[in-house]
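# Results of the structural survey
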2 protein chains.
Amino acid sequence: MIRITLISFLGPKGTFTHQAANILGDELIPYCTIPAVMESVFNEESSMGVVPIENSIEGPVGITLDSLAHNFDLKIFKEIIIPINQNLIVNPETKLEDIKDVYSHSQAISQCSEFISKNNLQPHYSVSTARAAKDIIGDKTKAAIGNANVVDLYDLEILKSNIQDTDNNKTRFVVLSKKQHKPTGRDKTSIIFSIYEDRPGSLYKILGIFEKDNVNLTKIESRPSKEALGKYLFFVDFYGHVDDELTQNILSEIKNNTYFFKILGSYPEF
Amino acid sequence: MIRITLISFLGPKGTFTHQAANILGDELIPYCTIPAVMESVFNEESSMGVVPIENSIEGPVGITLDSLAHNFDLKIFKEIIIPINQNLIVNPETKLEDIKDVYSHSQAISQCSEFISKNNLQPHYSVSTARAAKDIIGDKTKAAIGNANVVDLYDLEILKSNIQDTDNNKTRFVVLSKKQHKPTGRDKTSIIFSIYEDRPGSLYKILGIFEKDNVNLTKIESRPSKEALGKYLFFVDFYGHVDDELTQNILSEIKNNTYFFKILGSYPEF
């Protein structure tokens, strides 16, 4: 079982997820969708898989949250947070005034919307920042927005770096595995739950369970449950590990007061 | 000031937002972005503007929430909820087996992901469902996904209707105005707030304000505040009108316990 040391990530090579996966090791395999990364871990084609889960500007990555909630039983084994520096990537010897069209993933386009409108560029969506770079090769009227690592792959250049609207641009990635990480003393636990919509104050009662034990939430995020408008799944992260007695008590109390409940795992804080 | 009777909407013509705007009247002008619709209302080029705010499968429309929070002081004057039926739109005399590529807005592509993968189609993103339809004209290897209304605009045909993954596919639109709607007896109020992150249990205390008066929330949605990972704005809808005394008491108590607070308006429930 040599292949089990491989790490899968949301590709292609040269994306921000690739940069995050590099922190874990160098036996990396790109997969072209987030569910495909999860499936590779589930089928044991890889031991871990790296996917983005939220960006500080654009918010949650819906397909990651939905796939963890509904389609795959995987543990969050680690989290990785990296600053996102978006670059204007061009063919050699291109000037800013040559460029008419700019290509990138829709999240990167949104993150650079001020730069794009100030420079009168026409935005186009690509499936990834790396694919955008590949698509502009040989055409000086086109630029891509993406990770600096991509320029070496395709013989391109960076014309301008840090073109995102704000400096607080960070993405949080999760490393998924079939294994649960051991307690380290500074751990976070991620859970998903649905409240009973017909019982007023349900969310208030759930938050009261954490409040009673003075346990801090580091995240609370709502997602549509896909059942109807106004019905939500809540994704909550808090300090603690599933092996702690206090955390176990909290989890069992939440389970008793929700109609959908899933533990996504405990892992060291990044 | 004849132009003030005009209603702006997120265009182009033939989109689902166009369908929602049709409910209000027929003097409609398309604008090409959500902020442009809001600006037209703010500048009084139109009296009302229609934009999507959330979909039951794909979740919130980030640019609408962010623009209401940070960029425009507009009231939600009405809400409109319509069922979303996605259609496979093709050139005349095209068969399913002719089609290789499918074009649509990224939300529509996500909503039909099972149909797309079952039929081995290659998805491509367009800026709108209507633009996707325009882009396939004359090429039988290409199909678009979108609103049935678009076929008459471009002489296309519907090959298959209701191709979305689930039947619970609805989109909620908001009608924005500079005016506040009068109380009707069955109203909702929308607010945005940010909690003090350094005070544990802040969100719990805010929800307690509603709980105390037995006021039901119809929505609670978190969005990144754009300041840092883990900092959120909360979008909350609840029953009541800003002219009610009870609602006024609730709003002033929330204002005193949050560091960012904005009332988006009171409007009749759809």
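Residues numbered from 1 in each chain as written. Chains lettered and ligands numbered in written order. Predicted model: local features only at pLDDT ≥ 70, side-chain atom pairs only at ≥ 80, totals over all residues.

## Considerations on the relation of the copies chain B and chain A
- After a rotation of 180 degrees and a shift along the axis of 0.0 Å, chain B superposes on chain A with an RMSD of 0.0 Å. Between the two chains, the operation in question is that of a two-fold axis. (Least-squares fit on C-alpha atoms with pLDDT ≥ 70 in both.)

## Here we look at the interface of chain B and chain A
- Contacts between the two partners involve 34 residues from chain B and, on the opposite side, 34 residues from chain A.
- Elements with a contribution of two residues or more to the side of chain B that touches chain A: strand S11 (170–177), helix H8 (202–212) and strand S13 (217–224) of chain B.
- It is S13 of chain B that provides the largest number of residues to the side of chain B that touches chain A, a total of 7 residues.
- For the side of chain B that touches chain A, the per-class residue count stands at 11 nonpolar, 13 polar and 10 charged. (Contact = placed C-beta atoms within 7 Å. Helix = DSSP H or I, 4+ residues; strand = E, 2+ residues; numbered from the N terminus. Nonpolar A, V, L, I, M, F, W, Y, C, P; charged D, E, K, R; others polar.)

## Here we look at the sheet that holds strand S9 (residues 142–146) of chain A
Residues and elements named next belong to chain A.
- Strand order across the open sheet formed by 5 strands is S8-S7-S9-S6-S10, with mixed pairing between neighbours. Edge positions in the sheet fall to strand S8 (122–126) and strand S10 (157–160), since each has one partner strand and no second. Averaged over all neighbouring strand pairs, the angle between strand axes comes to 35 degrees, with direction disregarded.
- As defined by bridge partners, strand S7 (residues 101–105) adjoins S8 across 5 bridges and the pair is classed as parallel. Note that in S8 the partner of His 105 across the bridge is Ser 126. (Pairing = 2+ DSSP bridges. Axes fitted to C-alpha atoms, helices over the stretch in contact; angles between N-to-C directions.)

## Details of the domain arrangement of chain A
- Looking at the assigned domains, one finds that chain A contains domain 1 (2–82 + 169–177), domain 2 (87–160) and domain 3 (187–268).
- Placing a centre on the C-alpha atoms of domain 2 of chain A and another on those of domain 3 of chain A gives a separation of 41 Å. (Domains from an automatic or database assignment.)

## Notes on unusual backbone geometry
- The residue after Gly 11 of chain A, namely Pro 12 of chain A, is reached through a cis peptide bond having omega 5 degrees.
- As for its position among the elements, Pro 12 of chain A is in the loop between strand S1 (7–10) and helix H1 (16–22).
- Positive phi values are uncommon outside glycine, yet Glu 44 of chain B reaches one of about 60 degrees.
- With respect to the helices and strands, the residue Glu 44 of chain B is situated in the loop between helix H2 (34–42) and strand S3 (48–55).
- On the basis of neighbour count, Glu 44 of chain B is assigned to the exposed category, with 12 C-beta atoms found within 10 Å. (Buried ≥ 20, exposed ≤ 12 C-beta atoms within 10 Å, placed from the backbone.)

## So, the packing of helix H8 (residues 202–212) of chain A against H8 of chain B
- Interaxial distance between H8 of chain A and H8 of chain B falls to 9 Å at its minimum, and their mutual angle equals 140 degrees. Between H8 of chain A and H8 of chain B lies a crossing of left-handed hand. Residues Leu 203, Tyr 204, Leu 207, Gly 208 and Glu 211 of chain A of H8 of chain A pack against Leu 203, Tyr 204, Leu 207, Gly 208 and Glu 211 of chain B of H8 of chain B.
- Within the contact of H8 of chain A with H8 of chain B, the residues separate by chemical class into 6 nonpolar, 2 polar and 2 charged. (Left-handed = near helix turned anticlockwise from the far one by under 90°.)

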